[in-house]
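Observations on chain architecture
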Amino acid sequence: GENVEQHPSTLSVQEGDSAVIKCTYSDSASNYFPWYKQELGKRPQLIIDIRSNVGEKKDQRIAVTLNKTAKHFSLHITETQPEDSAVYFCAASAQGQNFVFGPGTRLSVLP
Amino acid sequence: EAGVAQSPRYKIIEKRQSVAFWCNPISGHATLYWYQQILGQGPKLLIQFQNNGVVDDSQLPKDRFSAERLKGVDSTLKIQPAKLEDSAVYLCASSLSGIRDFGPGTRLLVL
């Protein structure tokens, strides 16, 4: 089955700097890669996703890149703000299959 | 549009007791999921329903966990008897086109 690894487990950045979180997956059939943000005590919320027919997708300060050959994808947050502080989860799934989530990255943006 | 509703939000029980969680998905979402999120980990799928049929329950500990979605709308997840390791947040999610919308979760503490 699919296995998703995520690094780093914790990340601290200064406000205004960029943050990068990386995930690797094992199943080459996976073709959908969402990223969820979970603030303390709240529900996970989808912030961006990418499908395997695209190499990069951007939405304002957030971008995701995908390298299908290497089976890894990354979340990039630019100009970080304190409200970006949360736990971020990547996930991978093949068509019609379930999401397998990574273990999460706790991002702290220091003012 | 109302989001996924869950109740209760918190529950404290003693081991060997039983507990039930309720979920009301977003209107029109045929697919419903129950996830278990242990502290510090990503959500793990317990069971997936399509309308009122089970699609995937391969990771549901069937000796103690059960779930139903009788009319293809609301769902209940039951644990009987509970163990200490069941302490977690139980997230319900629903989807229309594959993207999961999560509920606020039920935080369970088993003493």
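Residues numbered from 1 in each chain as written. Chains lettered and ligands numbered in written order. Predicted model: local features only at pLDDT ≥ 70, side-chain atom pairs only at ≥ 80, totals over all residues. Heavy atoms only, no water.

**Focus on the overall build of chain B**
Put simply, the rule reads: Helix and strand labels come from DSSP, where a helix needs a run of H or I of at least four residues and a strand needs a run of E of at least two; each type is numbered from the N terminus. A radius of gyration in this sense is built from C-alpha atoms; the matching globule rule multiplies 2.2 Å by the number of residues raised to 0.38. The buried label applies to any residue whose accessible area, calculated with a 1.4 Å probe on protein chains only, is under 20% of its type's maximum; exposed applies above 50%, and partly exposed to all values in between. For this analysis, residues touch if any pair of their heavy atoms sits within 4.5 Å.
Secondary structure assignment for chain B yields zero helices and 11 strands. Ordering the α and β elements of chain B from the N terminus gives β-β-β-β-β-β-β-β-β-β-β. Over its C-alpha trace chain B gives a radius of gyration of 13 Å, about what one expects of a compact globule, namely 13 Å for 111 residues. By its C-alpha atoms, chain B is 40 × 25 × 25 Å across when sized along the principal axes. Counting over 111 residues, chain B shows a buried share of 44%. Considering only contacts in chain B between residues 6 or more positions apart, those separated by 24 or more positions represent 51%.

**Observations regarding the state of the cysteines**
All names here are of chain A. This is how the line gets drawn: The disulfide criterion used throughout: a pair of cysteine sulfur atoms within 2.5 Å.
What the rule picks out here adds up to two disulfides over all chains. Shown here is the disulfide that connects cysteine 23 with cysteine 90, its sulfur atoms set 1.9 Å apart. Judged by the sign of its S-S torsion, about -100°, the bond between cysteine 23 and cysteine 90 is left-handed. Placement of the pair is cysteine 23 in strand β3 (residues 19–25) and cysteine 90 in strand β9 (residues 86–94), with a sequence separation of 67 residues. Each member of the pair, cysteine 23 together with cysteine 90, is buried.

**Concerning the interface of chain B and chain A**
For clarity, the cut-off: The term buried area means the drop in 1.4 Å probe accessible area that two parts suffer when joined, counted for both and summed. Under the convention adopted here, Pro, Cys and the residues Ala, Val, Leu, Ile, Met, Phe, Trp and Tyr are nonpolar, Asp, Glu, Lys and Arg are charged, and Gly plus all remaining residues are polar.
Between chain B and chain A, the contact holds 20 residues from the first and 15 residues from the second. Interface area for chain B against chain A, summed over the two sides, is near 1300 Å², with a carbon-plus-sulfur share of 50%. Summed over the three residues of chain B that lose the most area to chain A, namely Ile99(B), Arg100(B) and Phe102(B), the buried surface amounts to 39% of that side. Those elements giving two or more residues to the side of chain B that touches chain A turn out to be β4 (31–37) and β5 (44–50) of chain B. Among the elements that make up the side of chain B that touches chain A, the one with the highest residue count is β4(B) (three residues). Grouping the constituent residues of the side of chain B that touches chain A by class yields nine nonpolar, seven polar and four charged.

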